[in-house]
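The primary structure of each chain is shown beneath.
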Amino acid sequence: MSVTKKEIADYLGISRTAVSLVLNNTPNSTVSEETRNNIWRAARELGYRDAESSPKLCYILCNRASDDPLYATDLKMIENVANRLDYRLLFMNISSTNKDYARLDKCLGNKEICGVVLSGDIDERMLAVMERSGVPYVVFSSTDRERINVVEPDVVRIAYEATRYLIGYGHRRIALFSGKIDNPVHLKTLEGYKKALAEAGLPFDKSLVQVGKDEDGYELCARMDVLGIGYTAAFCANTLIQFGALLRLKDQGIGVPSEKSLIGWGMTDFVRMSVPQLTTFHIDLSEKESVVYRLLEVIGNKDDERKAVRLNEVRLFEGGTVSRPPDSSPAVQE
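No experiment lies behind these values; they were computed from the predicted model shown.

Colleague: How should I be thinking about helix H3 (residues 33–46) in this particular structure?
Modeller: Along an α-helix, residues three or four positions apart point the same way, because every turn accommodates 3.6 residues. Over its 14 residues, H3 runs 20 Å from end to end, which matches the ideal 20 Å to within 8%, given 1.5 Å per residue. Those residues of H3 lying buried are Arg36, Ile39, Ala42 and Ala43. Taken around the axis of H3, the buried residues stretch over an arc of 130°, which confines them to a single face. Exposed residues lying more than 90 degrees from the buried face of H3 are Glu33, Glu34, Arg44 and Glu45. Considering only its buried residues, H3 is in contact with helix H1 (5–12) and helix H2 (16–23).

Colleague: Would you explain the packing of helix H5 (residues 98–109) against helix H6 (residues 124–133) in this entry?
Modeller: Each pair of packed helices can be described by the angle between their axes along with the distance between the axes. For the pair H5 and H6, the least separation of the axes is 10 Å and the interaxial angle reads 20°. Classified by the angle their axes make, H5 and H6 are roughly parallel. Between H5 and H6 lies a crossing of right-handed hand. Taken together, the residues of H6 that come into contact with H5 (itself represented by Asn98, Tyr101, Leu104, Asp105 and Leu108) are Arg125, Met126, Val129, Met130, Arg132 and Ser133. Its residues assigned to classes, the contact of H5 with H6 comprises six nonpolar, two polar and three charged.

Colleague: Looking at this model, I keep getting lost on the packing of aromatic side chains. Mind explaining?
Modeller: To describe a pair of aromatic rings, one takes the distance between the centres and the angle between the planes. This model, assessed by the stated rule, comprises six aromatic pairs. Measuring from ring centre to ring centre gives 5.7 Å for tyrosine 165 and phenylalanine 281, while their planes differ by 80°; the resulting arrangement is edge-to-face. Here phenylalanine 281 lies in strand E10 (residues 279–283) and tyrosine 165 lies in helix H7 (residues 155–168), a separation of 116 residues in the sequence. When its relative accessible area of 7% is taken as the criterion, phenylalanine 281 is described as buried. Residues tyrosine 193 and phenylalanine 204 carry aromatic rings whose centres are separated by 6.4 Å and whose planes lie at 75° to one another, so their mutual orientation is edge-to-face. One end of the pair, tyrosine 193, is in helix H8 (residues 184–199); the other, phenylalanine 204, is in the loop between H8 and strand E7 (209–211), and eleven residues separate them in sequence. Overall, tyrosine 193 belongs to the buried group, its relative accessible area being 0%.

Parameters and conventions
Residues numbered from 1 in each chain as written. Predicted model: local features only at pLDDT ≥ 70, side-chain atom pairs only at ≥ 80, totals over all residues. Heavy atoms only, no water. Helix = DSSP H or I, 4+ residues; strand = E, 2+ residues; numbered from the N terminus. Expected span 1.5 Å × (residues − 1). Buried < 20%, exposed > 50% of the residue type's maximum accessible area, 1.4 Å probe, protein only. Arc of directions from axis to C-beta. Contact = heavy atoms within 4.5 Å. Axes fitted to C-alpha atoms, helices over the stretch in contact; angles between N-to-C directions. Parallel < 35°, antiparallel > 145°, perpendicular 65-115°, else oblique. Left-handed = near helix turned anticlockwise from the far one by under 90°. Nonpolar A, V, L, I, M, F, W, Y, C, P; charged D, E, K, R; others polar. Phe/Tyr/Trp six-rings, centres within 6.5 Å; stacked < 30°, edge-to-face > 60°.

Here you go:
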């Protein structure tokens, strides 16, 4: 990581102000020529790089709120890796509007950005803009698009493992709370869920699948109550949905996990801030760091083949939202 101006000042035993005046090329500064030369020499020796002249990567979050908690952890991780590799990370929040597409075109056209991590709900037009720009990019999200560079968690496996985990506790009526079903990530979630049920010899009951474009777990859980659909556990397609479902069950005086169990996927602030903490499967952040290294490979043209990289080291965070169903004998976990 590049040395800071404060570290240069401490190294020389001078004020940080003097270092800033010199390295920022401030006109009409009163710093002596000797001190100026010493500062530049120390900067070179210590490996200082001006953030403004550092190569720039950009994290573009598509069709999601800029403060979406499901992506905050990933953004922080990517920023940390970029800084460690002496890159400056820019952030853009883009929606599917003509105004935002024009803004993205302009940003990519100035040639200051050397690579992009594209995440969120990515549409075809967004990909077309990226292709037209010629700027190297990696999609960090589930997609059904072929011949692009993708790094994504193995969502099918995560959904399979989470559903299987509930089955191992003895649950047989397992709901799926999901976002809009035509989204690639939710389609893959459904695939993994159905695979686990089929393997256990459990029927797929469409009434147990509740979806909503707003990913409102509170509403999805309420819908089950209003429709009188019985279930003992729910697999939630992300921790936002899981957190909302937990709030609804609490409001109804339903014990979690004594009466209903909830499991999700992802590692966000919701996991540890919840009471009880959420039980969830996730991909470790250290493995997710590969998205930055993959982008640098694409930038460097070290391989010409566009490919999908699956992150499949699935981990379990054992919170407190899963137990065996009421009035059942203890189940054996494999």
